[in-house]
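Summary of structural features
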Amino acid sequence: MMPLNWKRQAEAEPGNAPAPCRAAGVKGNMAPSVESDSRKLLVSLRETLAAASAGQERLDRITGLIAASMGAEVCSVYLFRDDETLELCATEGLNPEAVHQTRMRIGEGLVGRVAKTAHPIVSSDAPSERGFRFMPETGEEIYSSFLGVPIQRLGETLGVLVVQSKAARAYSEDEVYGLEVVAMVLAEMTELGAFVGEGAALAALHQRPETFKGGIGQEGSAEGHVWLHEPRVVVTNPVADDPDAEQARLTEAVEELRVSVDELLAVSQTNDKDQMQVLEAYRMFANSKGWMRRMLADITRGLSAEAAVEKEQSAARARMSQVPDPYLRERLHDLDDLSNRLLRILTGQGGETGAEMPEKPILIANNIGPGELLEYGRKLRGVVLEEGSVASHAAIVARALAIPLLVHVGPITTAALNGDHILVDGESGVVHLRPEDSIAAAFRDKMAMEHAAQEKYASLRDKPARTKCGTEIALTMNAGLMADLPSLESSGAEGVGLFRTELQFLTRATFPRRGELADTYGQVMDAAKGKKVIFRTLDIGSDKVLPYMKPQDEPNPALGWRAIRVGLDKPGIMRMQLQAMIRGADGRPLSVMFPFIAQFDEFREARQRLLDEIENQRRLGHSLPESLEIGAMLETPSMVFAPRQFFEMSDFISIGGNDLKQFFYAADRENELVRKRYDTLNVSFLNMIEQIVRRCDEAGTPLSFCGEDAGRPIEAACFAAIGMRNLSMRPASIGPVKMLLRKTNLKKLRRVIDNARADGSQSVRPAVLEWMIRKGKVRI
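Fair warning: this is a prediction, and the values are worked out from it, not measured in the lab. (Residues numbered from 1 in each chain as written. Predicted model: local features only at pLDDT ≥ 70, side-chain atom pairs only at ≥ 80, totals over all residues. Heavy atoms only, no water.)

Describing the packing of aromatic side chains
Under the counting rule described, the total for this entry stands at twelve aromatic pairs. Judged by centre distance (5.5 Å) and plane angle (80°), the ring pair of F505 and F511 falls under edge-to-face. For F505, a relative accessible area of 0% puts it in the buried group. For the pair F600 and F646, a centre-to-centre distance of 6.2 Å together with 75° between the ring planes defines the contact as edge-to-face. On the criterion of sequence distance, the pair formed by F600 in helix α19 (residues 600-619) and F646 in helix α20 (residues 644-649) is long-range, its members being 46 residues apart. There is no split in this pair, since F600 and F646 are both buried. (Phe/Tyr/Trp six-rings, centres within 6.5 Å; stacked < 30°, edge-to-face > 60°. Buried < 20%, exposed > 50% of the residue type's maximum accessible area, 1.4 Å probe, protein only. Helix = DSSP H or I, 4+ residues; strand = E, 2+ residues; numbered from the N terminus.)

Right, here's the structure in full:
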């Protein structure tokens, strides 16, 4: 058989990083014989794959077909046996005894480099190439030329396809592209289980145990079964029977896609700059002649319409991780999403597949909004996201639903299938997908221990958090949804130390009405059954952008136009919310807290607006709160040094520990590189907290600490030892914190802290932990 000469032209899409091998030819530019040879090989591959034979036999036949088609003496297929190791699984031309014996690490040798970079490597003199590794057992020393391409699907590299020749042959771009097309078909068939056989490298995909690591958005542990938020599109026939018909199908589907994108733009009334940018990017790609031309060329060479779309999508995903520019990376992400839409049009596989949600569902998604997560409600046992953040709206909802949430867990959406057994460890940030029996058994033992501990905590529910030295600490809970409120009774919380009001705004597509908010606030107070609820006014901006408000293009949103700054600059919004709080109280005591105060005048002005609104409601004849407390959230170091009058004017102050800590250390809490670098029990941070305690004591102003650290038992005990008497945390943390406080003598703990300070320690944690272990208060 003569070597194939598949026409190919490299072309870079405007705004995209150029790829080494990208087809842009069209049918009219290609000799009919070339088209015929290309399709013949793919049809032969399909027939081989369809034959009733074992996976190893199929692979062996395929390597022979490809070698003959390419006019090469050698064709070899290497597949991953684990995340780091490639294994020679089939060969035509190399020593057959090397099959399943030759292995290499990712990045090792030319084959390992192809796998690592997900890019082809072409050489007419392979032994002279950087990183070349000679495998003596294969007998490859007589072969000079080398062409290797990744076997990849949707950005996930499954292995490497290699051809070699004795002559110093320079493989052309046409031949490189032709082999890429073949590799794409092999990837699809590998995905469908065509090469399942003995050994790890030929084990069926989506059946192997896999472990992923991510960030902790909400603690907790869960065992269950995968439920994909967006089910995967499955391409069952990657080879075209009739290229003309496939091109017609693609053209029709792309036109439908273009119309739908135009309609989205036409009906969109959003002021969201980012959303409009995404829609404009959709339209640009949907109308891209280069994108369409490449897919048509793929079909001409023998791929089905779906396979042609996936081939371009795989190329985009491979580039996505290698493009340093964030704007270009976002645009490639847009192209990826658009490709998914096109695949759903072609296959008819929409979001509703008819599949039933499994028992104990654990949601797997790329990302998810708070409204969508709320729709699932308490049916879910846990949530695992490839993107997301620890401070996202989804994380807040997960805390309300009391289910574990992990973020930045990739690439789990391509690895998981609906119904897969899955374990989510929200304490260590680990996900076990299709775990081995030993892992599952150990995990269940861990969950049993956690359940036993919860039973101990439940026995303390109605007991006070009274320390060994007789000091009582008030433990309150954080909330943001009605779904949180049942925890008020079950956790033993003494009240709601923070009710986040922004979620009622964030989970809607339009601005809420005053009456709706008043009803919500009234229901919250009803559910509290007389316990105190502190409502924090709208804290938007930074990572909390309302979909119906024009976002600000700020270089550093966390330090920008957010929270009280928005409220003071948009008095209509603040006034409407304050009116809703007053009316929701309906004659009951009302506590209102203003967030992100950075200077005294901001609090003074906000407080006066609330007092003015009370007077307005009096004149209108509305019921007024029985009592009114106006407080501030201290989240910026500047307020530690505020005038004495600020502390005297505030009816209460709550330390917003999450923001205060990141601003104190100049360490972004969303940045995984630095967010765990600095310790809450660092001497300098504790000194600042103690200074706030002292200033509030001097003014007679109640003080609380609100944030993640308040719910960590050792940190909570240290806060209590330096004078904090009120801690607000998520409901699940109240039991563990109360248990440790009831076993602790704060006076003795204070001496340990002071001694560590005097010794010049950077953090008091080692000394405190050693003392608690020695006294039997905690166990490692």
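Comments concerning empty space enclosed by the protein
Take a probe with the size of a water molecule and roll it over the atoms, and the empty space left behind shows itself. Counting across every chain of the model gives three cavities of 30 Å³ or more. Of the volumes computed, that of the second largest cavity is approximately 120 Å³. Taken together, 13 residues line the second largest cavity, and the ones lying closest to its centre are L110, V111, R133, E140 and F146. Elements represented by at least two residues in the lining of the second largest cavity include exactly α3 (109-117) and β6 (156-165). If you tally residues by element for the lining of the second largest cavity, the top one is α3, at three residues. (1 Å grid on protein atoms, 1.4 Å probe; cavity = no way out; pocket = protein on both sides within 12 Å on 5 of 7 lines; lining within 4 Å. Points joined across faces, edges and corners; volume = space filled by probe spheres on them.)

Structural notes on the pairing of strand β21 (residues 703-706)
Taken residue by residue, a regular strand's side chains alternate between the two faces of the sheet. Residue alternation in β21 divides its side chains into two sets, L703 and F705 and S704 and C706, and both sets are buried. Sheet topology places strand β20 (residues 652-656) next to β21; four bridges connect them, and they run parallel. Considered in β21, the bridge of G656 is made with C706. Bridging between β21 and strand β22 (residues 726-729) involves two bridges; their strand directions are parallel. In the strand pairing of β22, F705 is matched with L727. For the handedness criterion, the β-α-β arrangement of β21, helix α23 (residues 713-721) and β22 is classed as right-handed. (Pairing = 2+ DSSP bridges. Right-handed = clockwise from strand over helix to strand, strands pointing away.)

Concerning the sheet that holds strand β15 (residues 474-479)
Strand order in the closed barrel formed by eight strands is β15-β16-β17-β18-β19-β20-β21-β22, with parallel pairing between adjacent strands. Within this sheet the neighbouring strands show an average axis-to-axis angle of 25°, counted without direction. Packing of helix α16 (residues 514-528) onto the sheet brings it into contact with β16 (495-500) and β17 (532-536), and relative to β17 it is tilted by some 150°. Sheet strands touched by helix α18 (residues 571-585): β17 and β18 (590-597). Its angle to β18, the strand with the most contacts, is close to 155°. (Axes fitted to C-alpha atoms, helices over the stretch in contact; angles between N-to-C directions. Contact = heavy atoms within 4.5 Å.)

Thoughts on a positive patch on the surface
A surface patch of like charges, here positive, comprises K747, K748, R751 and K775. On the accessibility criterion, K748 (41% relative accessible area) is partly exposed. (Patch = residues over 30% accessible without salt bridge, like charges linked within 9 Å, V, L, I, M, F, W, Y side chains within 5 Å. Areas by Shrake-Rupley, 256 points an atom, 1.4 Å probe, with all protein chains shown as cover. Salt bridge = Lys/Arg side-chain N within 4 Å of Asp/Glu carboxyl O. Lys, Arg positive; Asp, Glu negative; His and termini not counted. Charge placed at Lys NZ, Arg CZ, Asp CG, Glu CD.)

A word on helix α2 (residues 55-70)
Taking 1.5 Å as the rise per residue, α2 with 16 residues should run 22 Å; its terminal C-alpha atoms sit 23 Å apart, in good agreement. Once α2 finishes, G71 follows within two positions and takes phi at roughly 65°, a positive value. (Expected span 1.5 Å × (residues − 1).)

Considering the pattern of salt bridges
As enumerated under the stated definition, the model contains 40 salt bridges in all. The residue R434 makes a salt bridge to D420 at a minimum N-O spacing of 2.5 Å. Taken together, the residues span a long stretch of sequence, with R434 in the loop between β14 (430-433) and α13 (437-459) and D420 in the loop between α12 (412-415) and β13 (421-425) at a distance of 14 residues. You can call D420 buried: its relative accessible area is 11%. Within the structure, one salt-bridge network assembled from shared partners comprises E502, R536, D539, R562 and D659.

Examining the sheet that holds β14
Taken in spatial order, the eight strands of this open sheet run β7-β14-β13-β9-β10-β11-β12-β8, and their pairing is mixed. Two strands bound the open sheet, and with one partner strand each, they are β7 (210-213) and β8 (215-218). When strand polarity is set aside, the average angle formed by the axes of neighbouring strands in this sheet is 25°. In the sheet, strand β10 (residues 361-365) pairs with strand β11 (residues 382-385) via four bridges, with the strands oriented parallel. Residue pairing across strands places A365 opposite L385, the latter belonging to β11. Contacting β9 (221-228), β13 and β14, α13 crosses the sheet at an angle of about 125° to β9.

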